[in-house]
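What follows is each chain in one-letter form.
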Amino acid sequence: GLDRMTLRIMRWAMAHWPRMHGMNRVSGTWTAAAQLDLRPALGSAAFFTLAPAGLDGEDRVARALRLGGAVQRFWLTATRLGLAMQPGLATLIFSHYGAHGLPFTTDPALQAKARKLATRFQAVLGRHPDSLVFLGRIGQPRPALPKVRSVRRDMADLEHSAPPGGALPAMAETSSQSG
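Scoring rules and cut-offs
- Residues numbered from 1 in each chain as written.
- Predicted model: local features only at pLDDT ≥ 70, side-chain atom pairs only at ≥ 80, totals over all residues.
- Heavy atoms only, no water.
- Helix = DSSP H or I, 4+ residues; strand = E, 2+ residues; numbered from the N terminus.
- Buried < 20%, exposed > 50% of the residue type's maximum accessible area, 1.4 Å probe, protein only.
- Areas by Shrake-Rupley, 256 points an atom, 1.4 Å probe, with all protein chains shown as cover.
- Patch = residues over 30% accessible without salt bridge, like charges linked within 9 Å, V, L, I, M, F, W, Y side chains within 5 Å.
- Salt bridge = Lys/Arg side-chain N within 4 Å of Asp/Glu carboxyl O.
- Pairing = 2+ DSSP bridges.
- Axes fitted to C-alpha atoms, helices over the stretch in contact; angles between N-to-C directions.
- Contact = heavy atoms within 4.5 Å.
- Parallel < 35°, antiparallel > 145°, perpendicular 65-115°, else oblique.
- Nonpolar A, V, L, I, M, F, W, Y, C, P; charged D, E, K, R; others polar.
- Core = buried A, V, L, I, M, F, W, Y, C linked by side-chain atoms within 4.5 Å.
- Phe/Tyr/Trp six-rings, centres within 6.5 Å; stacked < 30°, edge-to-face > 60°.

Visitor: Report on the overall build of the protein, specifying residues and quantitative values.
Guide: Scanning the protein from terminus to terminus reveals 7 helices and 3 strands. Ordered by position from the N terminus, the helices and strands of the protein form the series α-α-α-β-α-β-α-α-β-α. Relative to its 179 residues, the protein shows a buried fraction of 16%. Surface exposure of the protein reaches about 14,300 Å², of which carbon and sulfur atoms provide 59%.

Visitor: So what's going on with a nonpolar patch on the surface? Residues and values would help.
Guide: On the surface, a nonpolar cluster with roughly 330 Å² of combined accessible area is contributed by M5, I9 and W12. Secondary-structure assignment places I9 in helix α1 (residues 4-14). Owing to a relative accessible area of 38%, I9 belongs among the partly exposed residues under this scheme.

Visitor: Outline the sheet that holds strand β2 (residues 84-87), listing residues and values.
Guide: Read across the open sheet, the 3 strands follow the order β1-β3-β2; overall the sheet is antiparallel. Either end of the sheet is taken by a strand with one partner, and the two such strands are β1 (46-50) and β2. Taken over all neighbouring pairs, the strand axes of this sheet differ in orientation by 30 degrees on average, direction set aside. Examined bridge by bridge, β1 and strand β3 (residues 134-139) share 5 bridges and lie antiparallel to one another. Paired with F47 across the two strands is R137, which belongs to β3. Strands in contact with helix α4 (residues 60-80) are β1, β2 and β3; relative to β2, the strand with the most contacts, it is inclined by about 145 degrees.

Visitor: Mind laying out the packing of α1 against helix α2 (residues 17-27), listing which residues take part and the relevant values?
Guide: Where α1 meets α2, the closest approach of the two axes is 6 Å, and the angle between their N-to-C directions is 130 degrees. With respect to each other, α1 and α2 are oriented oblique. Contact with α1, carried on its side by I9, W12, A13 and M14, involves R19, M20 and M23 of α2 and no other residues of that element. Among the residues making up the contact of α1 with α2, the classes are represented as 6 nonpolar, no polar and 1 charged.

Visitor: So what about the nonpolar core? Which residues, and what values?
Guide: Burial of nonpolar side chains together is a common tendency in soluble globular proteins. F48, V71, A78, M85, F134 and I138 form the largest nonpolar core, which has 6 residues in total. Every element with two or more residues in this core is listed here: α4 and β3. Ignoring any residue separated from it by four or fewer positions in sequence, one finds F48 in contact with F74, M85, F134, L135, G136, R137 and I138.

Visitor: Hey, could you go over the packing of aromatic side chains for me, with residue numbers and the actual values?
Guide: All told, the structure shown has 6 aromatic pairs when counted by the stated rule. Between F48 and F134, the ring centres sit 6.0 Å apart and the planes meet at 20 degrees, which makes this aromatic pair stacked. On the criterion of sequence distance, the pair formed by F48 in strand β1 and F134 in strand β3 is long-range, its members being 86 residues apart. Take F48 and F134: they sit in the same class, and that class is buried. In this structure F134 comes out as buried when scored by relative accessible area, which is 6%. Members of the aromatic cluster, each reached through a chain of ring pairs, are F48, F74, W75 and F134.

Below is the structure:
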């Protein structure tokens, strides 16, 4: 996470978009990037990519579900082995945007950065961003902090058997209202 000072500054800046835009132009995003990306990356055991294999002829929805299940199994296995994983999806997403020249922003400088990222991505990994399903880092987790942001349920609580007939129960509808 971010240190307290950087977090306070970011909260203040993010409360008003023109303020945030100005802060990014004046000071850049290097402090947050160092704390959220660089420092954790240096403390990780490895970076990894997951690429699909043998999916020819499979329809798009079935493929997406199968690949999602494979990523989930990999993640759960890593957790069972006492490892922590962190996705690097922003790198994949912005490399994809840059490789295809997709207008994800009206800022030409950011579009140019995405194109450069796509070129470097392919040079470093030897693959086009679209050929990967997942990118992340993995390693031993830090000792638990006193204030936990989320609670993970035990594996036994997450495992469910399919009911007779194989049908899954219907999801309950929920709604949220602000205010």
